[in-house]
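# Fold and geometry: a report
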2 protein chains.
Amino acid sequence: MSAEPGGPESASTKRRRNTAKQRAVLEVLGTSERFRSAQQLFVVLRSQRPMRIGLTSVYRILRTLADDQIAETQRAEDGETLYRLRTEPGHRHYLICRLCGRAVGFIPTAIEEQTTGLSAQHGFSDVTHYVDVYGICPQCLRAPVTDDR
Amino acid sequence: MSAEPGGPESASTKRRRNTAKQRAVLEVLGTSERFRSAQQLFVVLRSQRPMRIGLTSVYRILRTLADDQIAETQRAEDGETLYRLRTEPGHRHYLICRLCGRAVGFIPTAIEEQTTGLSAQHGFSDVTHYVDVYGICPQCLRAPVTDDR
DNA sequence: CTACATGCAAAGAATTTGCAAATCA
DNA sequence: TGATTTGCAAATTCTTTGCATGTAG
């Protein structure tokens, strides 16, 4: 619960090894700007790569990347966690295609102000907000799942 | 996917039986305005009621209530589905205490306009937005989980 | 009576954990 | 070498399904 900067499990301080598996996950993540699940990435890694990575490692590596702020995550409508490489610093929100994961970023300024005000007004602390928008992108509307995902 | 008013699985038309189990779930839901999970409700039903309801039925009844718009649902931060009786018609958003489920409703007018504009701009269809805010309410901050939940 | 409701056990799906074997530094 | 990382199988957690039995109307 409490933040201990520099502590043993602090996000950016822990030193990581540089392994082939980690690099592979990072590379596959880099092939698309879309949000993809651990399971999807696992399938791509298994099929497009000669290496035999385990599903467990994919989950572990993705989590580490998210902890290190290298990847950003998003919850799909069904609760699955989706990942993609972080391109810009800071917290953002997305309009995501529920079929292919294509994402259009935006910053809901008004909502952020409103929620901040609401929280203060009702005395809530440790407030986190989620503003997610899902839809079907024009490409998928005419031809569902055309490419990689 | 398509809407067929009056069809066999249409939400408000299907006739339901009036059973003791359904009434029990409805009554327990009525004891609080907080959002609670099926598992939490199951525990309450098992302990506070002489009847032996099954977890499956709790899930089924809650889903039916949600389909009939009698209950409204919310996704917890960990993906669990939370329920509570619907008090007002229409879609609302909430600032929810992640410890006790207490909810403060609000309508993010600005965000709704912004997302509508964004969707149109990028050609997305079937757009749905989720604006969820989680925090710790003042009561839980000083005395975590004091009452029923 | 008969369709709908219920319970239990099993199935599912996403994710995590235990632990021994592999490997980076 | 020595601590991390990895993989597999098993465990977890939430939720749904199959199916035989119970019950409202």
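Let me begin by describing the structure that accompanies this report. Sequence order as written defines the numbering, with residues in each chain counted from 1. The lettering of chains begins at A and the numbering of ligands begins at 1, in the order of writing. It should be noted that, the model being predicted, local features are given only for residues of pLDDT at least 70 and side-chain atom pairs only at 80 or more, the latter also being counted only at that level, while totals for whole chains, interfaces and linings use all residues. Processing note: side-chain calculations cover all non-hydrogen atoms of the structure and skip hydrogens and water entirely.

Moving on, we get to the sheet that holds strand β5 (residues 103-106) of chain B. One open sheet holds the six strands; their spatial order is β5(A)-β4(A)-β6(A)-β6(B)-β4(B)-β5(B), and the pairing between them is mixed. If you trace the sheet from one side to the other, it starts and ends with β5 (103-106) of chain A together with β5 of chain B, each paired once. Averaged over neighbouring strand pairs, the angle between their axes works out to 20 degrees when direction is ignored. Strand pairing is assigned whenever DSSP detects at least two bridges linking the two strands. Put simply, DSSP marks the helices as runs of H or I at least four residues long and the strands as runs of E at least two long, and each gets a number from the N terminus on. Pairing geometry for strand β4 (residues 93-97) of chain A and β5 of chain A, over four bridges, is antiparallel. Its bridge partner being in β5 of chain A, Ile96 of chain A is matched across the sheet by Ala103 of chain A. Contact between two residues is taken to exist if any of their heavy atoms lie within 4.5 Å; hydrogens are not considered. Helix axes are fitted only over the stretch in contact, all axes being lines through C-alpha atoms; the angle between N-to-C directions runs from 0 to 180 degrees. Strands in contact with helix α4 (residues 109-122) of chain A are β4 and β6 (125-136) of chain A together with β4 (93-97), β5 and β6 (125-136) of chain B; relative to β5 of chain B, the strand with the most contacts, it is inclined by about 140 degrees. The strands that helix α4 (residues 109-122) of chain B touches are β4, β5 and β6 of chain A together with β4 and β6 of chain B; relative to β5 of chain A, the one it contacts most, it runs at about 140 degrees.

For the rest of this paragraph, the subject is the side chain of His93 of chain B. Residues and elements named next belong to chain B. Along the polypeptide, His93 turns up in strand β4. Among the residues examined, His93 registers a relative accessible area of 3% and is labelled buried. Under the rule applied, a polar contact is a pair of N or O atoms within 3.5 Å (in protein, one hydrogen donor and one hydrogen acceptor; residues adjacent in sequence only if both atoms are side-chain atoms). Side chain to side chain, His93 and Glu112 meet in a polar contact 3.4 Å long. In this structure His93 touches Val104, Gly105, Phe106, Pro108, Glu112, His129 and Val131, once residues within four positions along its chain are discounted. The buried label goes to any residue with under 20% of its type's maximum accessible area, the exposed label to any with over 50%, and the partly exposed label to all in between, with areas taken from a 1.4 Å probe on protein chains only.

Around DNA strand D, a shell composed of 22 residues is seen, among which Thr19, Lys21, Arg52 and Ser57 of chain A together with Tyr59 of chain B lie nearest. Neighbouring residues are identified by heavy atoms, a residue being near a molecule or strand if any of them is within 4 Å of it. Close to the protein, within 4 Å, the atoms of DNA strand D belong to sugar or phosphate groups at a rate of 58%. A distance of 2.8 Å separates a phosphate oxygen of DNA strand D from a polar backbone atom of Gly54 of chain A. In this structure, a phosphate oxygen belonging to DNA strand D sits 3.5 Å away from a side-chain N or O atom of Arg63 of chain B. The set of elements that each furnish at least two residues to the surface near DNA strand D consists of α1 (20-30) and α3 (55-67) of chain A together with α3 (55-67) of chain B. Gly counts as polar in this scheme, as do all residues outside two lists: the nonpolar Ala, Val, Leu, Ile, Met, Phe, Trp, Tyr, Cys and Pro, and the charged Asp, Glu, Lys and Arg. Of the residues contributing to the surface near DNA strand D, the split by class is four nonpolar, nine polar and nine charged.

With that out of the way, let us pick up the pattern of salt bridges. A pairing counts as a salt bridge when a side-chain nitrogen of Lys or Arg comes within 4 Å of a carboxyl oxygen of Asp or Glu. A complete count under the given rule lists nine salt bridges over all chains for this structure. Residue Glu88 of chain A pairs with Arg92 of chain A through a salt bridge whose shortest N-O separation is 3.6 Å. Overall, Glu88 of chain A belongs to the partly exposed group, its relative accessible area being 39%. One salt bridge in this structure joins Asp68 of chain B and Arg16 of chain B, with 2.6 Å as the shortest N-O distance.

Inspection of helix α1 (residues 20-30) of chain B places Ala24, Val25, Val28 and Leu29 of chain B among the buried residues, and these make up the whole buried set. The buried residues of α1 of chain B all sit within an arc of 135 degrees when viewed along its axis, so they share a single face. In this description, one arc is meant: the one made by directions from the helix axis to the C-beta atoms.

On to the protein's contact with DNA strand C, then. Contacts to DNA strand C come from 22 residues, most closely from Tyr59 of chain A together with Arg17, Thr19, Lys21 and Ser57 of chain B. The sugar-phosphate portion of DNA strand C accounts for 60% of its atoms within 4 Å of the protein, the bases making up the rest. Between DNA strand C and Ser57 of chain B there is a distance of 2.3 Å, counted from a phosphate oxygen to a side-chain nitrogen or oxygen. Within the side chain of Arg60 of chain B, an N or O atom sits 2.8 Å from a base nitrogen of DNA strand C. Elements with a minimum of two residues in the surface near DNA strand C: α3 of chain A together with α1 and α3 of chain B. Residues belonging to the surface near DNA strand C are distributed by class as follows: four nonpolar, nine polar and nine charged.

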